[in-house]
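# Examination of the molecular architecture
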Amino acid sequence: MTTKTDHVLIFTDLDGTVLDHDSYSPAPADKYIAALDSDRTTVIPVTSKTRVEVLALIFDIAPMRVFVTENGSVIHAPEGFPWDADPSPQVYFPGADHETILTALEELEPFLRKRVRGFSDMTIKEIAAETGLSLQSASKAKAREASEPFLWLGDSGELAKLEDFMADRSIKVQQGGRFFHLTGQCGKADAMRWIASQFKIAKPEHRIVSVALGDGPNDIEMIEEAELGVIIPNPDGKSIHSAKPSVITAPQPGPAGWVEAMQQIFDQLDSANDRKH
């Protein structure tokens, strides 16, 4: 009988999690990720960023082969990895495309439409001013495929009306760290579940363990659904919370807290495996 070994899938938000909230630096998480055993772990960014943004970042952090963009709206995998014999790179769109979302926005009542200031309404310079990104980075952030980030300029009652209107069109309103996002009926947790299921099929000799880390409201479902979840606290002290015993809070914000939390999780997994043997 073959003894199964753990393969740890680390689903991680980027901004404010593996990237510093202010400087966007990945240190010290970049060196830690690069040193992980690729036979034992797969690090999977799950972010509100676009494909072109992630591709510009991903090899600066570490070679991450699978990633999820636009809050779960697009799943990217390299050639034939890990779940398909198809030799071409794979891209999956589980939700609505960007054009469908913009069409729904234009169907809003005028008073509600004025409350939504989306990336499609902003110039690259305006996006840069709102996000603190460079003009080059802001251009990449504007290249949406399946979501629309927006600043909400209304009250909570009007937001509920927006949510109801979009729900009738199978579009979700998700709250991120700095922006709200319009997406199809999919999210980070949905992408995590699907990817984990594919790894279980592709790697039957392994026991797949899911870990999820994030700092924003759009991360909490993913964090709570993973077998082990980590809340990365925000520097301003306003952090998301969970009562689930499987969820811990990192001892400090950003990539330094990310590393400490992952060291704690690997110690926990190693101790559990030692007890089994």
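To be clear, the structure that these remarks concern was listed above.
Residues numbered from 1 in each chain as written. Predicted model: local features only at pLDDT ≥ 70, side-chain atom pairs only at ≥ 80, totals over all residues. Heavy atoms only, no water.

In total, this model carries 16 salt bridges according to the counting rule given. Close ionic contact of Glu53 with Lys49 constitutes a salt bridge, the shortest N to O distance being 3.8 Å. For Glu53, a relative accessible area of 9% puts it in the buried group. Taking the relative accessible area as the measure of exposure, Lys49 reaches 6% and is therefore buried. Taking the shortest distance from any N to any O, the salt bridge between Asp190 and Arg193 comes out at 2.4 Å. Of the two residues, Asp190 and Arg193 both sit in helix 8 (residues 188-202), 3 residues apart, roughly one turn of that helix. The class for Asp190 is partly exposed, based on a relative accessible area of 28%. (Salt bridge = Lys/Arg side-chain N within 4 Å of Asp/Glu carboxyl O. Buried < 20%, exposed > 50% of the residue type's maximum accessible area, 1.4 Å probe, protein only. Helix = DSSP H or I, 4+ residues; strand = E, 2+ residues; numbered from the N terminus.)

Now for the sheet that holds strand 3 (residues 67-69). Read across the open sheet, the 3 strands follow the order 3-4-5; overall the sheet is antiparallel. Each having just a single partner strand, strand 3 and strand 5 (90-92) make up the two edges of the open sheet. Across this sheet, the average inter-strand angle for adjacent strands is 20°, counted without regard to direction. Two strands pair when backbone bridges link them, and strand 3 and strand 4 (residues 74-77) are joined in this way by 3 bridges, in the antiparallel orientation. Residue Val68 lies in a different strand from strand 4, and its bridge partner there is Ile75. The sheet contacts of helix 8 involve strand 3, strand 4 and strand 5, and relative to strand 4 the element is tilted by about 35°. (Pairing = 2+ DSSP bridges. Axes fitted to C-alpha atoms, helices over the stretch in contact; angles between N-to-C directions. Contact = heavy atoms within 4.5 Å.)

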